[in-house]
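Topology and contacts: notes
Here is how the chains run, residue by residue.
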2 protein chains.
Amino acid sequence: MIHNFNAGPSHLPAEVLEEAQKAIINFKGSGLSILEIGHRTPLFEESVAEARALVRELMQLDDDHEVLFLHGGATTQFMQVPMNLLDADETMHIAHTGVWSKKAIREASCFGKVNILCSSENNNFNYIPEDFCVPESGKYFHITSNNTIYGTQWHRIPESPIPLVADMSSDILSRRIDFNAFELIYAGAQKNIGVAGATLVVVNKKLLGNVTRDIPPIMDYREHIKANSMLNTPPVFAIYMSLLTLRWLKKFGGIEAIEPLNKEKAALLYDAIDNSSLFRGTAKKEDRSTMNVSFVATNSGAEKAFLDFAKQKDIYGIKGHRLVGGFRASLYNAVSLESVKHLISVIKEFESGYNG
Amino acid sequence: MIHNFNAGPSHLPAEVLEEAQKAIINFKGSGLSILEIGHRTPLFEESVAEARALVRELMQLDDDHEVLFLHGGATTQFMQVPMNLLDADETMHIAHTGVWSKKAIREASCFGKVNILCSSENNNFNYIPEDFCVPESGKYFHITSNNTIYGTQWHRIPESPIPLVADMSSDILSRRIDFNAFELIYAGAQKNIGVAGATLVVVNKKLLGNVTRDIPPIMDYREHIKANSMLNTPPVFAIYMSLLTLRWLKKFGGIEAIEPLNKEKAALLYDAIDNSSLFRGTAKKEDRSTMNVSFVATNSGAEKAFLDFAKQKDIYGIKGHRLVGGFRASLYNAVSLESVKHLISVIKEFESGYNG
């Protein structure tokens, strides 16, 4: 068994993979593959409806919030959000906490004014900015709720007098949070929702229709809402994988049940790192992510040796992002406590045998 | 066995589905699912490279043409193409041959001027316009090479003094054609390329960089080319399915081998319809598509009866689009001659027993 700590695409529950495999040959007893079936058939339409309803239920969304499964990944949302929300002479404020907010800034600059309200760039994004005040004058305030690369996470929703928008790609559905406090949330599916190729958008419909530009229809959230998230041929299989993963989470007990497990996994791993003489975490302690644990070797020579050792021990995907270096263990919902304990034992075993 | 004539998503070769099923559990012997593996790992990067190379080989593209696998479906291309190619004060010309060109017109109108150079709207799009001349003044000329809903197809590439752009979603890879005569080709993958969720774009790189707007990077073809078609997390599984389907086509003998089979399938079915007293084709004979055969019952009472009868005979996906009514049999590359012969025998059987 391989212990997959990849940052995304990432580990999926075994039962989800088994269901997927069945659907590749025979989707819901239709005799057809999920890959061949028409997306406008009731069999698939009810899958989309169920997936949207599960998101609504798991996130406890109010009636103003609409749930969409779109193409394009979160990077497309970096563009689509300002296209829908920001006029050329208006300003959006953003917390700049890493590579993803940088991309969001760049895309938004094509549509309106972008004000970097706060930033943690001065320390390689290893913390979440604190001393800032969101002005009333802006159109919206954008945060990246969890920074996959740096292993930082917003543990409190910032106060904002203007609509809050969040890229929640790497921590959605992992913790109890008032999702209705956000007017727009988006997330690539390949971490806690399902697989690469689908993108979840949750948007307060009251926010829409307030820009003067002629929004290209395929990018207009209102068109997608009207079409029940089937404006064009959807990424059928990726949505089906989201459905299976959402069902798995519901069966597990929902966010309420997964949150304590996520906290336990992260606490165990951070504890092991903090008690290690060979490794240290890179993120500021108060801002550490429960989803992505970034750490480096205190002795740079140990880096390659540990990667090799971990590989021999069936650990996959722990090489850190080149911007931080070292290691990153992603502990998304589907990663088991057993896998985390295995990683900790491997860290300890390596350390005890290491004589650098 | 179900005979799948759906317009898209559509039938896939059995060996492609078998390979897909294996990869869901163990991708290339990695011990990881294709759904869980990191997209920046060599194992997946080589799949993307192979898929792009196969497109180049099968379409016999010259070195100026770049091959990209993107998110978003052809509908996103209706927007992305003018965003990249058309300045606000420039004009693109378009042949208006159905619902898809209508959407292409609407999306392009957000970016520049659109001139409907010719149209077959006066007869419910049942033919391909002939008497038109593409002016030299336009930025590009756009056609829909095959009109899925109406069953019409361009059998000759129109002469154009300006760059030719084609939506080839429903007939790409089905016939020998000089693909290099087009400066830009796009196609949703869910017909002849693979499954819903990936979009093929073939673009002459010399065409790019000729607009003044600040193109959002995620929509800029040049950025995707620079990033080897991996600008953001790609639709991993949908691209892998494209790879498997492209391999299957190559093994079959490529476009050269599939074209005569496609012609034979279409000829047999059109012949059966033309010789029927109960059914008639809807498209003008010279413009009939080899990919989508649209036909109606001459006796409207026979419509539901035939759909029911066909269903009993394990025929799936032949209900016509509501804009044309009646029936549509899609005969994409993977649809076997055996399935077409089965459909013909079902038509004949129904007709002989029908006493409306």
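Residues numbered from 1 in each chain as written. Chains lettered and ligands numbered in written order. Predicted model: local features only at pLDDT ≥ 70, side-chain atom pairs only at ≥ 80, totals over all residues.

Here we take up the overall build of chain A. Looking only at helices and strands, chain A has nine helices and 14 strands in total. Its C-alpha radius of gyration of 21 Å places chain A within 12% of the 21 Å reference for a compact globule of 356 residues. Buried residues in chain A amount to 54% of all 356 residues. (Helix = DSSP H or I, 4+ residues; strand = E, 2+ residues; numbered from the N terminus. Rg over C-alpha atoms; globule rule 2.2 N^0.38 Å. Buried ≥ 20, exposed ≤ 12 C-beta atoms within 10 Å, placed from the backbone.)

As a further point, take the sheet that holds strand E14 (residues 327-330) of chain B. Residues and elements named next belong to chain B. Ordered in space as E11-E12-E14, the three strands form an open sheet in which the pairing is antiparallel. In this open sheet, the two strands that pair with only one neighbour each are strand E11 (279-281) and E14. In this sheet, neighbouring strand axes are inclined to one another by 30° on average, regardless of whether the strands run parallel or antiparallel. Relative to E14, strand E12 (residues 292-297) runs antiparallel, the two sharing four bridges. Counted as the bridge partner of Val293 is Ala329 from E14. This element, helix H7 (residues 254-274), spans E11, E12 and E14 of the sheet and lies at about 130° to E11. (Pairing = 2+ DSSP bridges. Axes fitted to C-alpha atoms, helices over the stretch in contact; angles between N-to-C directions. Contact = placed C-beta atoms within 7 Å.)

Right, let's get into the sheet that holds strand E9 (residues 184-188) of chain A. Residues and elements named next belong to chain A. Taken together, the seven strands give an open sheet; going across it, the order is E2-E10-E9-E8-E5-E3-E4, and neighbouring strands pair in mixed fashion. On the outer flanks of this sheet lie strand E2 (65-70) and strand E4 (113-119), each paired with one strand and no other. Along the sheet, successive strands turn relative to each other by an average axial angle of 20°, direction set aside. In terms of strand pairing, strand E3 (residues 91-96) meets E4 through six bridges, oriented parallel. Residue Ala95 lies in a different strand from E4, and its bridge partner there is Cys118. Running over the sheet, helix H2 (residues 42-59) touches E2 and strand E10 (199-204) and is turned about 130° from E2. Running over the sheet, helix H4 (residues 99-108) touches E3, E4, strand E5 (140-144) and strand E8 (164-167) and is turned about 165° from E3.

Here the focus is the interface of chain B and chain A. At the interface, 51 residues of chain B touch 51 residues of chain A. Elements supplying a minimum of two residues to the side of chain B that touches chain A: helix H1 (14-25), helix H3 (73-85), helix H4 (99-108) and helix H6 (236-252) of chain B. A per-class count over the side of chain B that touches chain A returns 26 nonpolar, 21 polar and four charged. (Nonpolar A, V, L, I, M, F, W, Y, C, P; charged D, E, K, R; others polar.)

A few words now on the domain arrangement of chain A. Accessible area lost upon the coming together of the parts is a frequently used measure of interface size. Residue and element names in this part refer to chain A. Splitting chain A by domain gives domain 1 (14-252) and domain 2 (254-353). Here the C-alpha centroids of domain 1 and domain 2 sit 27 Å apart. Taken together, the contact between domain 1 and domain 2 spans 23 residues of the former and 24 residues of the latter. When residues of the side of domain 1 that touches domain 2 are traced back to their parent elements, those giving at least two are strand E7 (152-153) and helix H6 (236-252). With three residues, the top contributor of residues to the side of domain 1 that touches domain 2 is H6. (Domains from an automatic or database assignment.)

This part is about the relation of the copies chain B and chain A. Copy one and copy two of the chain differ by a rotation about an axis and a translation along that axis. Superposing chain B onto chain A takes a rotation of 180° combined with a translation of 0.0 Å along the rotation axis, leaving an RMSD of 0.0 Å. Here the symmetry operator amounts to a two-fold rotation axis. (Least-squares fit on C-alpha atoms with pLDDT ≥ 70 in both.)

Let us look at unusual backbone geometry. Looking along the chain, the bond that leaves A:Gly8 and enters A:Pro9 is cis, with omega of -5°. Relative to the helices and strands, A:Pro9 is located in the loop between strand E1 (3-4) and helix H1 (14-25). The phi torsion at A:Lys28 lies on the positive side, around 50°, for a residue other than glycine. For A:Lys28, a count of 15 C-beta atoms within 10 Å puts it in the partly exposed group. Non-glycine residue B:Ser229 carries a positive phi angle of around 65°.

This part takes up the pairing of E10(A). All names here are of chain A. Counting buried residues in E10 gives five out of six residues, a clear majority hidden from the surface. As judged from the five bridges shared by E9 and E10, these two strands associate in the antiparallel manner. Bridging across to E10, Gly188 finds its partner in Thr199.

Helix-helix packing is described using two parameters, namely the angle between the two axes and the distance between the axes. Residues and elements named next belong to chain B. Remark: H7 packs on helix H9 (residues 337-353), axes separated minimally by 10 Å, with the N-to-C direction vectors making an angle of 0°. The angle between H7 and H9 falls in the class roughly parallel. Here Leu261, Glu264, Lys265, Leu268, Leu269 and Ala272 of H7 come into contact with H9, specifically with Leu337, Val340, Leu343, Ile344, Ile347 and Lys348. (Parallel < 35°, antiparallel > 145°, perpendicular 65-115°, else oblique.)

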